[in-house]
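Here's the letter readout for the chains.
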Amino acid sequence: MTEQANQSIAVSGAREFPQKGEPQITSFNRIGLWSLYIKEIRRFLKVQTQTVWAPAVTTLLFLVIFTVALGREGREVLGVPFGTFVAPGLIMMGMMQNAFANSSFSLLSGKMMGTIIDLLMPPLSNAELMLGIVMAAITRAVMVGGAVAAAMWLYPGVELHVEHWWAVIWFGLMGAAMLAIFGFLSSIWAEKFDHNAAITNFIVAPLSLLSGTFYVISNLSPFFQAISRANPFFYMISGFRYGFLGESDIGNTDAALLNAAVGVGVLNIVLGLITYQVLKSGWKIKS
């Protein structure tokens, strides 16, 4: 009986320990993805004064400066006071810039500090790694947007009344996702923090400031209107503003807004596929 018991234990033990190299997670690793997501959320919430509240204050300062400098009494844009016009654009701009900042820091800090192995060694696929970091960046963007909106709601002369919830949600998430994916791609390319800062200063900031945040592009010459319409930030900010005001310089027809909504979705899919292929290749990460 003792020998038979030992044999049964050996057989059961063999079943508990599979062959080396045999994958045990053959489907989507939900637990691993959730763990990475929570880790990224906790990382930026540990310094939430810097990552959430400081950007909200900075964005609010833009509103104060521009309403004092340009928002003289009676000045209206798209049929609303200047402060009400510029507020949604500032909310969207703050969301996009912070989505980029969050996702661009994760991989780059690991590369600089030698801790990137903590992201590459866990049983996470490339898609799960990318998705976890991008989702955390979108979460930070939403938090910053909420903080900015709350501050602007209390600011005198600004009315934040949602006309189309679908536009606020869709363009808000698409804008945050676009910059989160772009930030992830830039962190793969960057080899030091100066590279990341260059992308922020020479690409992200100019495109966001010159996207119709503080003006309508109909005031520009046809040449610069064409340039503005080639800027994807313009569609994110103008579509987000349409959700609040019911007016947009994209075009007020349903077809124009739907085309813009579909366009930004397709853009994010293409950008996501490119970033995934770069991550999968191991370029500047595993080489």
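Structure: see above.
Every chain is numbered independently, its residues counted from 1 as its sequence is written. Note on the predicted model: pLDDT of at least 70 is required for a residue's local features to be given, and 80 or more for side-chain atom pairs to be given and counted; whole-chain, interface and lining totals, by contrast, use all residues. Neither water nor hydrogens contribute to the side-chain values; these are computed over all heavy atoms in the structure.

Chemist: Provide a residue-level description of the overall build of the protein chain, including the pertinent values.
Modeler: Within the protein chain one finds eleven helices and two strands. Across the 287 residues that make up the protein chain, the buried fraction comes to 45%. By sequence separation, contacts in the protein chain at least 24 residues apart represent 82% of the contacts at least 6 residues apart. Accessible areas in this description were obtained via Shrake-Rupley with a 1.4 Å probe; residue shielding takes into account the shown protein chains only. Of the accessible surface of the protein chain, which amounts to about 15,300 Å², a share of 66% is contributed by carbon and sulfur atoms. Comment: elements are numbered from the N terminus, with helices defined as DSSP H or I runs of at least four residues and strands as E runs of at least two. To sort residues, take the accessible area from a 1.4 Å probe on protein chains only and compare it with the maximum for the residue type: under 20% means buried, over 50% means exposed, and anything in between is partly exposed. Contacts are residue-level and defined by heavy atoms, with any inter-residue pair within 4.5 Å sufficient.

Chemist: So, the layout of surface pockets: which residues are in play, and what are the values?
Modeler: Only protein atoms enter the 1 Å grid, on which a cavity is a set of points fitting a 1.4 Å probe that cannot get out and a pocket is an open set with protein on both sides within 12 Å along at least 5 of 7 lines, lining residues being those with an atom within 4 Å of a point. Grid points are joined across faces, edges and corners, and a volume is the space filled by probe spheres set on the points. Reported here for the largest pocket is a volume of approximately 480 Å³. Along its surface, the largest pocket is lined by 21 residues, and Ala101, Ser104, Phe105, Arg140 and Thr200 are the ones closest to its centre. For the lining of the largest pocket, the elements supplying multiple residues, two or more each, are helix H2 (30-45), helix H3 (48-70), helix H4 (82-113) and helix H8 (193-209). Tallied by class, the residues present in the lining of the largest pocket amount to eleven nonpolar, eight polar and two charged. Taken as a whole, the second largest pocket encloses approximately 260 Å³ of empty space. In this structure, the second largest pocket is lined by 14 residues; those nearest its centre are Met95, Val142, Gly146, Val168 and Phe240. Looking at the lining of the second largest pocket, the elements that each hand over two or more residues are H4, helix H6 (126-154), helix H7 (165-189) and helix H10 (232-245). Broken down by element, the lining of the second largest pocket gets its largest block of residues, five residues, from H7. Class assignment of the residues belonging to the lining of the second largest pocket gives a composition of eleven nonpolar, three polar and no charged. Just so you know the grouping, Ala, Val, Leu, Ile, Met, Phe, Trp, Tyr, Cys and Pro go in nonpolar, Asp, Glu, Lys and Arg go in charged, and all remaining residues, Gly too, go in polar.

Chemist: Just give me the short version of a nonpolar patch on the surface, but keep the residues and values in it.
Modeler: Residues qualify for a patch when their relative accessible area is over 30% and they have no salt bridge, like charges being joined within 9 Å and the nonpolar side chains of Val, Leu, Ile, Met, Phe, Trp and Tyr within 5 Å. A side-chain nitrogen of Lys or Arg and a carboxyl oxygen of Asp or Glu constitute a salt bridge if their distance falls within 4 Å. A surface patch of nonpolar side chains, amounting to about 380 Å² of accessible area, comprises Phe105, Met112, Met113 and Phe193. Sort the elements by how many residues they give to the nonpolar patch and H4 lands first, with three residues. Summarising the element assignment, Phe193 is placed in helix H8.

Chemist: Describe in detail the pattern of salt bridges, supporting the description with residues and values.
Modeler: Inspection of the entire model under this criterion finds three salt bridges. Here Lys39 and Glu40 are joined by a salt bridge, their closest N and O atoms 3.1 Å apart. The residue Glu191 makes a salt bridge to Lys284 at a minimum N-O spacing of 3.3 Å. One end of the pair, Glu191, is in the loop between H7 and H8; the other, Lys284, is in the segment after helix H11 (254-281), with 93 residues separating them in the sequence.

Chemist: Lay out the nonpolar core with the relevant residues and their values.
Modeler: Only buried Ala, Val, Leu, Ile, Met, Phe, Trp, Tyr and Cys residues count toward a nonpolar core, and they belong to the same one when joined by side-chain atoms within 4.5 Å. Formed by 77 residues in total, the largest nonpolar core has its most connected members in Phe85, Leu107, Met152, Phe171 and Leu179. Among the elements of the structure, H2, H3, H4, H6, H7, H8, H10 and H11 are those that each provide at least two residues to this core. Not counting chain neighbours up to four residues away, the residues in contact with Leu179 comprise Met96, Ala99, Phe100, Ser103, Val204 and Phe233.

Chemist: Please give an account of the side chain of Arg241 that cites residues and values.
Modeler: With respect to the secondary-structure elements, Arg241 resides in helix H10. No salt bridge is formed by the buried Arg241, whose closest oppositely charged neighbour, Asp249, lies at an N-O distance of 4.6 Å. A distance of 3.1 Å separates a polar atom in the side chain of Arg241 from the backbone oxygen of Gly212. For this analysis, a polar contact is any N or O atom pair within 3.5 Å, provided that within protein one partner can donate a hydrogen and the other can accept it, and provided that sequence-adjacent residues contribute only side-chain to side-chain pairs. Among the polar contacts listed, one links the side chain of Arg241 to the backbone oxygen of Thr213, at a separation of 2.9 Å. With residues up to four places along the chain from it excluded, the contact list for Arg241 reads Leu78, Phe85, Pro88, Gly89, Gly212, Thr213, Gly246 and Glu247. In this tally, Lys and Arg are treated as positive and Asp and Glu as negative; His is ignored, and so are the chain termini.

Chemist: Break down the packing of H6 against H11 for me, citing the residues and quoting the values.
Modeler: Here the axes come from fitting lines to C-alpha atoms, over the contacting stretch only for helices, and the angles between their N-to-C directions go from 0 to 180 degrees. Across the interface, H6 lies against H11 with an axial gap of 10 Å and an inter-helix angle of 125°. It follows from the interaxial angle that H6 and H11 lie oblique. Regarding H6 and H11, the two cross each other, and that crossing is right-handed. Along its contact with H6, which presents Asn126, Ala127, Leu129 and Met130, the element H11 presents Gly272, Thr275, Tyr276, Leu279 and Lys280. Here the contact of H6 with H11 is built from residues that sort into five nonpolar, three polar and one charged. Roughly parallel refers to an angle under 35 degrees, roughly antiparallel to one over 145, roughly perpendicular to one between 65 and 115, and oblique to any angle outside these ranges. By the definition used in this description, the sense in which the near helix is turned from the far one sets the handedness, with an anticlockwise turn below a right angle giving left-handed and a clockwise turn giving right-handed.

Chemist: Give me the lowdown on the side chain of Thr51, citing residues and values where you can.
Modeler: On the secondary structure map, Thr51 appears in helix H3. Since its relative accessible area comes to 7%, Thr51 is described here as buried. Dropping the residues within four chain positions of it, Thr51 is found in contact with Phe44, Asn98, Arg140 and Val144.

Chemist: Describe the packing of H2 against H6, with residues and values.
Modeler: Where H2 contacts H6, the two axes come as close as 9 Å, and the packing angle between them is 40°. Accordingly, the angle class assigned to the pair H2 and H6 is oblique. Relative to H6, the crossing made by H2 is right-handed. Contacts from Leu33, Leu36, Tyr37, Glu40, Ile41, Phe44 and Leu45 in H2 reach Glu128, Leu129, Leu131, Gly132, Ile133, Met135, Ala136, Thr139, Arg140 and Met143 in H6. Of the residues that constitute the contact of H2 with H6, the class distribution is twelve nonpolar, two polar and three charged.

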